[in-house]
Amino acid sequence: MAYIAARQPVVTGILSDGEPSDAELSAIEREMPVVLAEVELLDAQIMTLDRTPTEVDARRLRRARRRVLAARRDLANGPAGRAGGAA
């Protein structure tokens, strides 16, 4: 079997030390409310997988969906969200 080797000295670019940059950390921090809201929604969905949802479960799901939508809206409408677009 013939192996394909790169003929250029740098194929993947400059390798970092594995730590996120300040810009990446800022992006993570901006997106954290969306991530937490999605985790809460996922938790609510998981709780109803093996049973028929009760009224309390339905309210929890609606509330979690609204939080996800609000967090995405805030991210998209925020000062840093305008350049990046909607999540």
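Now for a quick tour of the structure. These numbers come from a predicted model, not from an experiment. (Residues numbered from 1 in each chain as written. Predicted model: local features only at pLDDT ≥ 70, side-chain atom pairs only at ≥ 80, totals over all residues. Heavy atoms only, no water.)

## Brief notes about the overall build of the protein chain
No. 1: In terms of helices and strands, the protein chain carries three helices and zero strands.
No. 2: Ordering the α and β elements of the protein chain from the N terminus gives α-α-α.
No. 3: Counting every position in the protein chain, which comprises 87 residues, the buried fraction comes to 15%.
No. 4: When the accessible area of the protein chain is evaluated, it comes to approximately 7,400 Å², of which 57% is carbon and sulfur surface. (Helix = DSSP H or I, 4+ residues; strand = E, 2+ residues; numbered from the N terminus. Buried < 20%, exposed > 50% of the residue type's maximum accessible area, 1.4 Å probe, protein only. Areas by Shrake-Rupley, 256 points an atom, 1.4 Å probe, with all protein chains shown as cover.)

## Side note on the pattern of salt bridges
No. 1: For the structure on display, the rule yields seven salt bridges.
No. 2: Here Asp57 and Arg60 are joined by a salt bridge, their closest N and O atoms 3.1 Å apart. Of this pair, Asp57 and Arg60 both sit in helix H2 (residues 55–77), three residues apart, which is roughly one turn of the helix.
No. 3: According to the relative accessible area criterion, Arg60 is partly exposed, its value standing at 30%.
No. 4: Salt bridges linked by common partners bring Arg51, Asp57 and Arg60 together as one network. (Salt bridge = Lys/Arg side-chain N within 4 Å of Asp/Glu carboxyl O.)

## Focus: the nonpolar core
A general feature of soluble globular proteins is that nonpolar side chains tend to end up buried together.
No. 1: Counting nine residues, the largest nonpolar core consists of Val34, Ala37, Leu41, Ala44, Leu61, Ala64, Val68, Ala71 and Leu75.
No. 2: For this core, the secondary structure elements donating two or more residues are helix H1 (22–47) and H2.
No. 3: Broken down by element, the residue count for this core peaks at five residues, all from H2.
No. 4: Excluding its chain neighbours within four sequence positions, the residues that come into contact with Ala37 are Arg67, Val68 and Ala71. (Core = buried A, V, L, I, M, F, W, Y, C linked by side-chain atoms within 4.5 Å. Contact = heavy atoms within 4.5 Å.)

## Examining the packing of H1 against H2
No. 1: Contact geometry of H1 with H2 gives a least axis separation of 9 Å together with a crossing angle of 160°. Relative to H2, the element H1 lies roughly antiparallel. As for how H1 packs across H2, the hand of that crossing is left-handed. On the side of H1, the interface is formed by Arg30, Glu31, Pro33, Val34, Ala37, Glu38, Glu40, Leu41, Ala44, Gln45 and Met47, while H2 contributes Asp57, Arg60, Leu61, Ala64, Arg65, Arg67, Val68, Ala71, Arg72 and Leu75.
No. 2: Its residues placed into classes, the contact of H1 with H2 shows 11 nonpolar, one polar and nine charged. (Axes fitted to C-alpha atoms, helices over the stretch in contact; angles between N-to-C directions. Parallel < 35°, antiparallel > 145°, perpendicular 65-115°, else oblique. Left-handed = near helix turned anticlockwise from the far one by under 90°. Nonpolar A, V, L, I, M, F, W, Y, C, P; charged D, E, K, R; others polar.)

Scope: geometric values only; no functional claims are made or implied.
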